[in-house]
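One letter stands for each residue in the lines below.
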Amino acid sequence: MPDPSSPESDVILIGAGIMSATLGVFLRELEPSLKIEMFETLEGAGLESSDSWNNAGTGHAANCELNYTPERADGSIDISKALAINVEFELSRQLWSYIVKKGSIKDPRSFIHPVPHMSFVWGDENVSFLRKRFKAIGSHPCYHGMEYTEDRKQIADWAPLVMEGRTGDDPVAATRIITGSDVDYGSLTNHFVGHLSALPGFDVHYLSRVTDLARENDGCWRVEVEDAKSGYRRSATTKFVFIGAGGGALPLLQKSGIPEGKGYAGFPVGGIWLRCDDPTINKRHHAKVYGKAPHGSPPMSVPHLDTRVIGGQHSLLFGPYAGFSTRFLKHGSLLDLVESVRPANVKPLLSVARDNIDLTEYLIEQVLQSESERLAALDAYYPNARSDDWRLQVAGQRVETIKPNVKRGGLLELGTELVAAADRSLVALLGASPGASTAAFIAISVLEKCFPDELTAAGWLPKLKEIIPSYGVSLADDADLLRHVRADTAAVLKVENI
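These numbers were taken from a predicted model, which means no experiment stands behind them. (Residues numbered from 1 in each chain as written. Predicted model: local features only at pLDDT ≥ 70, side-chain atom pairs only at ≥ 80, totals over all residues. Heavy atoms only, no water.)

### Notes on a nonpolar patch on the surface
For step 1, the next point in the chain: Where nonpolar side chains cluster on the molecular surface, the patch consists of Phe-324, Ile-364, Val-367 and Leu-368 and spans about 400 Å² of accessible area.
For step 2, the next point in the chain: You can see Phe-324 is positioned in the loop between strand S15 (313-323) and helix H9 (336-339).
For step 3, the next point in the chain: Assessed through its relative accessible area of 39%, Phe-324 is described here as partly exposed. (Patch = residues over 30% accessible without salt bridge, like charges linked within 9 Å, V, L, I, M, F, W, Y side chains within 5 Å. Areas by Shrake-Rupley, 256 points an atom, 1.4 Å probe, with all protein chains shown as cover. Salt bridge = Lys/Arg side-chain N within 4 Å of Asp/Glu carboxyl O. Helix = DSSP H or I, 4+ residues; strand = E, 2+ residues; numbered from the N terminus. Buried < 20%, exposed > 50% of the residue type's maximum accessible area, 1.4 Å probe, protein only.)

Here it is, written out as structure tokens:
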């Protein structure tokens, strides 16, 4: 029998998705002696939100997503969020390049491909917005190489399917940046878990559902685990817990009982794609073309005609169309939402429902959409689309974070948030967009929040700067370093650079 006062591992990662895998890679590179265990309910890594068919976040650097550059009341464009996401994505590229250079990923084309990113709009108001956006963002070093045009022939050259068959004389406009990419996060997750599994002191347990967490008298955590097939139960003890279970993170945060998680709730949003696998169509569209989101829609519902490369196969996706389910995970229970309600989060839930009636109405409309209505939405981006070429692809679930707020009762946070225990022994990742594309930034935030004593010049800091050469410097403020880092990672990852 092991000594109950000695934890069986240093770190437990709950969930085998891109978030846990990324944090695991950082921790093992920084401290090779760490004993790490990973628990996953499903039969493999990256099968829930990180799976590429479930994941709308496929290389987002805020190049083309117009919801990240809102228009202020005075008509100017706020680019601050776009810049933040752009440099966060650069952190991910540096981590991936480091792992490729180590030889742990033999071919970067197994998970990343160069794909131009475009924004496309029509109508006087939207064209005016995109023109102002380009003026505000196009001159920034983070968006070096971005092009803007209102010329129909130029847009047709960039994205033929978008313009063919487009009638009427509505003004149109587009931006394009060729340094964009498409990322298969399911493949990348498996690369990372494979890399970790080849190292001593790391164990991944599939079909292992974490059912409860309890703090021991010595400050360690006891994690209760159930075999998803046999029902056999066991427990594991650890010094540190990362709850990176996607939509399943909120219930586990609640079970941990840490006061920092009191009052948090979740709002699940589903998604559906239209998918085309016809190579004669797909070879004529090589871009991620994003438009403007309908009023009241969540960020994950920004419409886009999207080149995807998954398992080496090129597909074309359009959507996503939002949906509603009470499940917190695609493979979850219909009771997830109900079972997450606590006395402490009733007020935040009701407050968010009161303040987001337009979102509720939008989701109802989306759920009730007919096939012809979905195709009509596609027609706006691909006028010559034929229904026979497309089929439905159910995407994953996202659980948007509802957090308590003194003034308003509760706020719906359309992003990601880390909720950590005061003693830094446990942290949960809540939320979704932009999610996977900023996994390295999130993992570094965990390190800064929970391991400050180790992240010093005498400890982990030199190695972290080897992995992330730009660490400690804002690439948005250092154009020379930005150019250097992008050139280096582009060469390693085999993507475009300007």
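### Examining the state of the cysteines
Covalent bonding between the sulfur atoms of two cysteines is what defines a disulfide.
For step 1, the next point in the chain: Evaluation of the coordinates by the stated rule reveals 0 disulfides.
For step 2, the next point in the chain: Here Cys-142 is not cross-linked by a disulfide; its sulfur's nearest cysteine counterpart is in Cys-64, at 15 Å.
For step 3, the next point in the chain: Distance from the sulfur of Cys-276, which forms no disulfide, to the nearest cysteine sulfur (Cys-64) is 20 Å.
For step 4, the next point in the chain: For Cys-276, a relative accessible area of 0% corresponds to the buried category. (Disulfide = S-S within 2.5 Å.)

### Side note on empty space enclosed by the protein
For step 1, the next point in the chain: Counted under the stated rule, the structure contains 1 cavity of 30 Å³ or more.
For step 2, the next point in the chain: The space that makes up the largest cavity amounts to roughly 30 Å³.
For step 3, the next point in the chain: Lining the largest cavity are Met-19, Leu-23, Phe-242, Leu-429, Ala-439, Ile-442, Ala-443 and Val-446.
For step 4, the next point in the chain: Those elements that provide at least two residues to the lining of the largest cavity are helix H1 (18-30) and helix H13 (439-450). (1 Å grid on protein atoms, 1.4 Å probe; cavity = no way out; pocket = protein on both sides within 12 Å on 5 of 7 lines; lining within 4 Å. Points joined across faces, edges and corners; volume = space filled by probe spheres on them.)

### A look at the packing of aromatic side chains
For step 1, the next point in the chain: Inspection of every chain in the model, using the stated rule, returns 11 aromatic pairs.
For step 2, the next point in the chain: Their ring planes at 45 degrees and their centres at 5.5 Å tell us that Phe-318 and Tyr-381 sit as a pair that is tilted. Note that Phe-318 is positioned in strand S15 and Tyr-381 in the loop between helix H12 (371-379) and strand S16 (391-394), a separation of 63 residues in sequence. The pair formed by Phe-318 and Tyr-381 is uniform in burial state, with each residue classed as buried.
For step 3, the next point in the chain: For the ring pair Phe-451 and Trp-460, a centre distance of 5.4 Å and an interplane angle of 35 degrees mean the geometry is tilted. For the pair Phe-451 and Trp-460, one class covers both residues: buried.
For step 4, the next point in the chain: Aromatic ring contacts, followed pair by pair, group Phe-120, Trp-122, Phe-318, Tyr-321 and Tyr-381 into a single cluster.
For step 5, the next point in the chain: Above the ring of Trp-53, the side-chain terminus of Arg-275 is found at 3.7 Å from the ring centroid.
For step 6, the next point in the chain: Its end group placed over the ring of Phe-129, Lys-292 keeps NZ or CZ at 4.2 Å from the ring centre. (Phe/Tyr/Trp six-rings, centres within 6.5 Å; stacked < 30°, edge-to-face > 60°. Lys NZ or Arg CZ within 6 Å of the ring centre and 35° of its normal.)

### Regarding the environment of Phe-202
For step 1, the next point in the chain: Within the secondary structure, Phe-202 is located in strand S8 (residues 202-205).
For step 2, the next point in the chain: Between the alpha carbons of Phe-202 and Asn-54 there is a distance of 27 Å; along the sequence they are 148 residues apart.

### A word on the environment of Val-25
For step 1, the next point in the chain: In this structure, Val-25 sits in helix H1.
For step 2, the next point in the chain: Here Val-25 falls in the buried class, since its relative accessible area comes to 1%.
For step 3, the next point in the chain: Contacts of Val-25, omitting those with residues within four sequence positions, involve Leu-95, Ile-99, Phe-192, His-195 and Leu-196. (Contact = heavy atoms within 4.5 Å.)

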